[in-house]
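Notes for the structure review
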Amino acid sequence: MKKFFLFLFFLCLQLSTMAQVNLKYYLPEGQAYDSKIPTPKEFLGYEVGEQHATPYEVQAYFRELARHSDRMKVETYGRSYENRELLLVTFTSPANLARLEDIKAEHKKLTNPDLSKGLKIKDMPVVIWMGYSVHGNEASAINASLLAGYHLAAAQGPEIDALLKDAVILVDPCLNPDGGTRFSTWVNSNKSHTLVSDGNSREFRETWPNGRTNHYWFDLNRDWLYQQLPESRGRLVKFYDWRPNILTDHHEMGTNSTFFFQPGIPARTHPLTPKSNIDLTAKIGTYHAKALDKIGSAYYTKENYDDFYYGKGSTLPDVNGSIGILFEQASSRGHLQESVNGLLSFPFAVRNQFVTTLSTLQAGKELREELLAHQRDFYSQKATGDIKAYVFGGSNDPVSTWEMVNMLKRNQIDVFRLAKTEKINGLDFSREDGYVVPMDQPQHRLITSMFEKRTTFQDSAFYDISAWTTPLCMNVPYAEVKGAVGVGQKVEDNPFPAGKVIGTSPLAYLYEWDSYFASRAAYELLSKGYTLKYATEPFTVLIDGKEKEFSYGTVQVIGKDVRGLLETLAARDGITFYAQTTGLTQKGINLGSEKFKMMQKPQVLMITGDGVDANDAGEVWHLLDTRVNLPLTFSDISQVNRMDLSRYSHIVLNNGRYFDLSAEKIKSYVESGGTLIALGDGATWASRNKIGSATFKAGVSADTKGKKLPYAEQANINGAMSTAGTIFETKIDISHPLCYGYKQLYLPVFKVNNTVFEDTQNAFNTPVMFTENPLMAGYVHPKNLERIRKSPAVVAQRVGGGQVINFTDNPNFRAFWYGTNKLFLNAIFFGKSIGGGRFGEEE
């Protein structure tokens, strides 16, 4: 009976909150505010929490605050793909605001051991960054930013004056305006006047792909390190410009949860994160606990979440001398929703986010000197260990090397030219395209995390990926240097490696398929009506009197008046074009050989909708749209079942569930000459429906048979069986169309699942095979490692008149796996040539 009355009490409390929500519900008791500063309701026309503010409304409110307050300034640090502004709002005292650039310059000295020793930390303000709603449908955070802005602009009294004197507060009110706009539009348009709390209601069931992601369906909270997206690039420029002492990352989690704040699970903290960071995070956590206790909100810490992958908003700060803090609030996903803890209202969720905003600010002020000292000491510590530097370069694709340099420089890592040509660990690195990253620099911890090949871990469960070795992602040769190495000039500017056009010819031009943007050039040439043929065997020609060998996949461009366009493409895509005045070659096939096959302009359909992994689909869309300039058609499953598929050269099935997709329709499409590219679960769907003959190994489970173990260990034991982002070595057949453009025999690939092909017992249709000892970096359970050894990573088959190209994993992972993008693009541009038997036979 007591529990029943307690439930009724909380029910009435939540209903009362929704019926009578006003600004006093959120704000600190007894706090005075300047009446000249407009409240959110005075500007928006509704109270915070009554409906979901759109990113545009939130940004407009911050600009309105800046018109009335002398404590703040608003700046635009970037624009989203949908051209929405990304704002950073600075709050501090008027005196600090007047000398903000000087404060910033002094603060950044903390990261320079040569300058930090003489700093008077007791006189320096702490820098606190508050980030809201990187996931667009985790909306209590962005709505809490309205309250944060109002409080910091309008609060009166000695407490706020002291805070603004001792702190520079950077507010990023909406990290994902595209996703936030999708979500706020959805919930507001499906909101009833009489609130509906039933979780089955349409308000709580966003349509695919939902508002979590950005325009291209990327999870922006996984892009902090490599910064492949404009939202992240703009934000990280400001992050490194300021080097905040605390960075908060406000999120939401499942409706039946409560509230989480870091630290996360201690055993899942990256070992490069110093103990002082963990201790400070825990100390700051006591402020959150006290604040949430005061308002009667339940919470937990040191569970569920980790601090391992440095590509997230709450972890990248940890390897930059800052304290990253993740907040996770149970989500109402609308305005009022039933949960196991009673009714969960949107205002309640917003209040928790705002209260922990205030507790962070209090902690930052009171721990100011400790936080500043932590950052100073973090960067004063020298690198330890045998490795003195990393050297990389020498790739046959200079574009990938160029982007790798950009990735490092975006993270304030100093990169130098190689002073002289050297052989290191059996690899040749030339001074023309070789680079050195010395470990004797402030960012040595981050450098280690980006180059190391870690395979041992304290824990065997990961919230995100376990490996992100940059040169392996980029497929760029590299070596550890434990002795001396010639360090040349520091790379200040990093111009794009433009190609050129050598010679003039009315006959044809050749270009190699090495460049990352080779497919973009091909698609533009095909779109403009030029004839392209590609070589299925190597050949040698004379270039300026010297023999040059061209490998598999070399493209021959035929057409009148093409040189001007080639000059444009050479500069844009980093490709060198070679004029040929004769069809005769020095060795190998001639230019008129039938072994030069006609390249067809692809027309690609990607199947989307409920059940499809939106992240994987978005990575395909982003790749083809922004890096190939290929217009991609994407249609939902229900629509595909009614469509005429004959107009599409290729269909892409990403990871996902395709229960409602017509297998007969897809099978007929393939047998009639279409090419199916299936990744992950898309490949298992094709296999189950007998579209091609690829089969999969049975899964394995933990060794628990016959044992009696504590029930509490079940989740960890089962979690250890997951392969959550691990890098493996494969051996590739560079003569196979899927591997055109690669020159090396071994290729790193990324694996995020336990899907493993059986060997096909066919000599020619598995061009990418895991090696005998495939683990390169990351975690994999020994049982799964055994399954993966010497198994196919790709199965490419002729089926009827078409092809089925199966990948066990996603070669386009998060847009930073440049090294395997080519496999996927080759499936589009060369996939039609797969199969060597008679037409209609399976190969």
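Let us look at the structure shown here. (Residues numbered from 1 in each chain as written. Predicted model: local features only at pLDDT ≥ 70, side-chain atom pairs only at ≥ 80, totals over all residues. Heavy atoms only, no water.)

Scanning the protein from N- to C-terminus turns up 26 helices and 36 strands. Taken over the C-alpha trace, the protein has a radius of gyration of 29 Å; the compact-globule value for 843 residues is 28 Å, and the two agree within 12%. With the C-alpha coordinates of the protein rotated into their principal frame, the extents come out at 90 × 65 × 60 Å. For the protein, with 843 residues in total, the buried portion stands at 60%. If you take every contact in the protein between residues at least 6 apart in sequence, the share linking residues at least 24 apart comes to 78%. When the accessible area of the protein is evaluated, it comes to approximately 33000 Å², of which 49% is carbon and sulfur surface. Positive and negative side-chain charges of the protein, numbering 91 and 92 respectively, have mean locations separated by a distance of 1 Å. (Helix = DSSP H or I, 4+ residues; strand = E, 2+ residues; numbered from the N terminus. Rg over C-alpha atoms; globule rule 2.2 N^0.38 Å. Buried < 20%, exposed > 50% of the residue type's maximum accessible area, 1.4 Å probe, protein only. Contact = heavy atoms within 4.5 Å. Areas by Shrake-Rupley, 256 points an atom, 1.4 Å probe, with all protein chains shown as cover. Lys, Arg positive; Asp, Glu negative; His and termini not counted. Charge placed at Lys NZ, Arg CZ, Asp CG, Glu CD.)

The next subject is the packing of helix H4 (residues 55-68) against helix H8 (residues 140-154). Running from N to C, H4 and H8 point in directions that differ by 5 degrees, and their axes come no closer than 10 Å. With respect to H8, the element H4 is oriented roughly parallel. Listed contacts from H8 to Pro 55, Val 58, Tyr 61, Phe 62 and Leu 65 of H4 are Ile 142, Ser 145, Leu 146, Gly 149, Tyr 150 and Ala 153. (Axes fitted to C-alpha atoms, helices over the stretch in contact; angles between N-to-C directions. Parallel < 35°, antiparallel > 145°, perpendicular 65-115°, else oblique.)

Sheets are built from strands that pair by backbone hydrogen bonding, the pairs being arranged parallel or antiparallel. Here 6 strands make up an open sheet; going across it, the order is E19-E25-E20-E24-E21-E27 and the pairing mixed. In the strand order of this sheet, the two ends are held by strand E19 (501-502) and strand E27 (596-598), each with one partner. (Pairing = 2+ DSSP bridges.)

It is worth spelling out the packing of aromatic side chains at this point. Summed over all chains, the structure comprises 54 aromatic pairs. Both rings, one in Tyr 61 and one in Phe 62, keep their centres 6.4 Å apart while their planes meet at 70 degrees; by these two values the pair is edge-to-face. For Tyr 61, a relative accessible area of 0% translates into the label buried. Every member of this aromatic cluster is reached through a ring pair, and the members are Tyr 511, Trp 513, Tyr 534, Tyr 552, Phe 577, Tyr 740, Phe 829 and Phe 830. Positioned above the aromatic ring of Phe 517 is the side chain of Arg 520, whose terminal nitrogen or guanidinium carbon lies 3.9 Å from the ring centre. (Phe/Tyr/Trp six-rings, centres within 6.5 Å; stacked < 30°, edge-to-face > 60°. Lys NZ or Arg CZ within 6 Å of the ring centre and 35° of its normal.)

Turning our attention to the layout of surface pockets. Roughly 870 Å³ of internal volume is contained in the largest pocket. In terms of lining, the largest pocket is formed by 24 residues, of which the most central are Pro 28, Glu 159, Lys 294, Leu 358 and Gln 362. Taken together, the elements giving at least two residues each to the lining of the largest pocket come down to helix H2 (23-26), helix H9 (158-166), helix H12 (275-295) and helix H13 (346-366). The biggest single contributor to the lining of the largest pocket is H13, with 8 residues. (1 Å grid on protein atoms, 1.4 Å probe; cavity = no way out; pocket = protein on both sides within 12 Å on 5 of 7 lines; lining within 4 Å. Points joined across faces, edges and corners; volume = space filled by probe spheres on them.)

Grouped together as the largest cluster of nonpolar side chains are 164 residues, with contacts concentrated most on Phe 392 and Tyr 511. The element contributing the most residues to this core is helix H26 (residues 818-829), with 7 residues. Membership of the second largest hydrophobic core comes to 67 residues, among which are Tyr 61, Leu 65, Leu 163 and Ile 284. (Core = buried A, V, L, I, M, F, W, Y, C linked by side-chain atoms within 4.5 Å.)

Across all of its chains, the model carries 44 salt bridges by this definition. As a salt-bridge pair, Lys 104 and Glu 101 come within 3.5 Å of each other at their nearest N and O atoms. Of the two residues, Lys 104 and Glu 101 are both situated in helix H6 (residues 100-108); the distance of 3 residues between them amounts to about one turn of the helix. Overall, Lys 104 belongs to the buried group, its relative accessible area being 10%. In this structure, Glu 452 engages Arg 454 in a salt bridge whose closest nitrogen and oxygen atoms are separated by 3.0 Å. Accessibility expressed as a relative area gives 14% for Glu 452, which makes it buried. For Arg 454, a relative accessible area of 22% gives the class partly exposed. (Salt bridge = Lys/Arg side-chain N within 4 Å of Asp/Glu carboxyl O.)

Everything listed here is a matter of coordinates, which is why it stays silent on function.
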